[in-house]
Amino acid sequence: PLKLKQNGWFGDLAIGVCYIAVPWWCGQAVFGSPLDRMVEDWIVPLTFSLAGLGAGIVNDFKSMEGDRQFDMDSLPILL
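The structure displayed is predicted, hence computed values, not measured ones.

Thoughts on the side chain of S74
Now for step 1: Within the element layout of this structure, S74 appears in the loop between α3 (64–69) and α4 (75–78).
Now for step 2: On the accessibility criterion, S74 (1% relative accessible area) is buried.
Now for step 3: Ignoring anything within four residues of it in the chain, the contact list for S74 reads K5, G8, D60 and D67.

Structure below.
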């Protein structure tokens, strides 16, 4: 398994992409058109994934103590 939480940027970005962009693309594949429109199918979900990145960073502030204890390099620890 990938341990993306070990790196703050990759872990939080993976959260955003997995929670927002991947379900968007799955919905498009099942109910929508083929993924051929650049803005609607690629730019919008990846932009929305930045909101997931922000949510992951905010969540990292709540878990700073545990991150220090287990040597996780979350963004609040790195900064």
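That shown, we press on.
Considerations on a nonpolar patch on the surface
Now for step 1: Residues M38, V39, W42 and I43 make up a contiguous nonpolar surface patch of roughly 380 Å² in combined accessible area.
Now for step 2: We classify W42 as partly exposed; its relative accessible area is 32%.

Brief notes about the confidence of the model for the chain
Now for step 1: Of all residues in the chain, 97% have pLDDT values of 70 or greater, and the mean over the chain is 84.
Now for step 2: Mean pLDDT in the chain bottoms out at α4, which sits at 83, and peaks at α3, which reaches 88.

Details of helix α1 (residues 8–31)
Now for step 1: Given a rise of 1.5 Å per residue, 24 residues ought to cover 34 Å, and the 34 Å separating the end C-alpha atoms of α1 matches this to within 8%.
Now for step 2: In the structure, α1 departs most strongly from a straight axis at C18, where the bend amounts to approximately 35°.
Now for step 3: Burial in α1 covers these residues: G8, G11, D12, A14, G16, A21, W25 and Q28.
Now for step 4: The inward-facing, buried residues of α1 abut α2 (38–62) and α4.

So, how was this worked out
Residues numbered from 1 in each chain as written. Predicted model: local features only at pLDDT ≥ 70, side-chain atom pairs only at ≥ 80, totals over all residues. Heavy atoms only, no water. Helix = DSSP H or I, 4+ residues; strand = E, 2+ residues; numbered from the N terminus. Buried < 20%, exposed > 50% of the residue type's maximum accessible area, 1.4 Å probe, protein only. Contact = heavy atoms within 4.5 Å. Patch = residues over 30% accessible without salt bridge, like charges linked within 9 Å, V, L, I, M, F, W, Y side chains within 5 Å. Areas by Shrake-Rupley, 256 points an atom, 1.4 Å probe, with all protein chains shown as cover. Salt bridge = Lys/Arg side-chain N within 4 Å of Asp/Glu carboxyl O. pLDDT = per-residue confidence, 0-100. Expected span 1.5 Å × (residues − 1). Bend = angle between axes of the 7 residues up to and from the residue.

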